[in-house]
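Structural overview
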Amino acid sequence: KEGGGENDGMKDGLEDGEQETTSNTTRLDEIAELPGWGPKSSQNLADTIQFVATNGVPLSKFIYSLGIRHVGSHTSKLIASSYGNVTSFLNDLDDANKNYDEKQKDDDDNVENEYVPFVRLVGSAAGKGGGDDSKIESVEGVKGIGPVVISSLLSFSKEDALIKAAKDLANVVRIYD
């Protein structure tokens, strides 16, 4: 067997059900020994993992779990209700990553062709008609979603590693609307 790395035991545990149980018990024991943790805390963690694996999570909790700055539990519910499903949300993050240029938001000359990120949140009138009303900062969209949240979503969307992690998580956890 090649490698010999410390993760080999985890791979072995996933290949054999009996080893997996032993490996998981060992991990729980290790977690219980961490500062601030104990047997009850590690068991609660195991129970939560099992619950999520069995039942999945709502889209709002998935969005909240991404740790996007200025997106708390209430804001994540607003975002989730605007998107309805994880695919639409992740697609908009991808679109913002590919299409939004920070210089664009300060350029008043090319308003007609301006890409507007997160149009579901900022409103369909964003970027149309020129003048101050065309700026993301002043567009009325989802009540409770303002320029600070949009800016945070843009910052998150520019981090390829975070987008990849969000997609990977969405592929292993059932996310319901």
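Note: the structure precedes this text.
Residues numbered from 1 in each chain as written. Predicted model: local features only at pLDDT ≥ 70, side-chain atom pairs only at ≥ 80, totals over all residues. Heavy atoms only, no water.

1. Quick word on the overall build of the chain
When you go through the chain residue by residue, the secondary structure sums to nine helices and two strands. When the helices and strands of the chain are read in sequence order from the N terminus, they spell out α-α-α-β-α-α-α-α-α-α-β. Considering the chain as a whole, with its 177 residues, one finds that 33% of them fall into the buried category. Intrachain contacts of the chain at a sequence separation of at least 6 include 53% that bridge at least 24 residues. For the chain, the exposed area adds up to about 11,300 Å²; of that, 49% sits on carbon and sulfur atoms. (Helix = DSSP H or I, 4+ residues; strand = E, 2+ residues; numbered from the N terminus. Buried < 20%, exposed > 50% of the residue type's maximum accessible area, 1.4 Å probe, protein only. Contact = heavy atoms within 4.5 Å. Areas by Shrake-Rupley, 256 points an atom, 1.4 Å probe, with all protein chains shown as cover.)

2. Description of the packing of helix H6 (residues 86-99) against helix H8 (residues 147-157)
Running from N to C, H6 and H8 cross one another at 80°; their axes reach a closest spacing of 8 Å. Our classification of the angle between H6 and H8 gives roughly perpendicular. Touching Phe-89, Leu-93, Ala-96 and Asn-97 of H6 are Leu-153, Leu-154, Phe-156 and Ser-157, all from H8. (Axes fitted to C-alpha atoms, helices over the stretch in contact; angles between N-to-C directions. Parallel < 35°, antiparallel > 145°, perpendicular 65-115°, else oblique.)

3. Things to note about the environment of Ser-82
Looking at where Ser-82 falls in the secondary structure, it is placed in helix H5 (residues 73-83). For Ser-82 and Arg-120, which are 38 residues apart along the polypeptide, the C-alpha to C-alpha distance reads 6.3 Å. When residues no more than four places from it in sequence are discounted, the contact partners of Ser-82 are Arg-120, Leu-121 and Val-142. Only 3.1 Å separates the side chain of Ser-82 from the backbone oxygen of Leu-78, close enough to count as a polar contact. (Polar contact = N/O pair within 3.5 Å; in protein donor to acceptor, adjacent residues only side chain to side chain.)

4. Focus: the nonpolar core
Grouped together as the largest cluster of nonpolar side chains are 33 residues, with contacts concentrated most on Phe-62, Ile-79, Phe-89, Phe-118, Leu-121 and Leu-153. For this core, the secondary-structure elements that each account for two or more residues are helix H4 (59-65), H5, H6, helix H7 (119-122), H8 and helix H9 (160-172). Those residues in contact with Phe-118 that lie beyond four places of it in its chain are Tyr-83, Asp-92, Leu-93, Ala-96, Ile-150, Leu-153 and Leu-154. (Core = buried A, V, L, I, M, F, W, Y, C linked by side-chain atoms within 4.5 Å.)

5. A short note on H6
Here H6 is 14 residues long and its end C-alpha atoms lie 20 Å apart, about the 20 Å a rise of 1.5 Å per residue gives. Looking at H6, one finds that the buried residues are Val-86, Ser-88, Phe-89, Leu-90, Asp-92, Leu-93, Asp-94 and Ala-96. On the buried face of H6, the contacting elements are H4, H5, H7, H8, H9 and strand S2 (175-176). Residue Asn-85 occupies the N-cap position of H6, its side-chain oxygen lying 3.2 Å from the main-chain nitrogen of Thr-87. (Expected span 1.5 Å × (residues − 1).)

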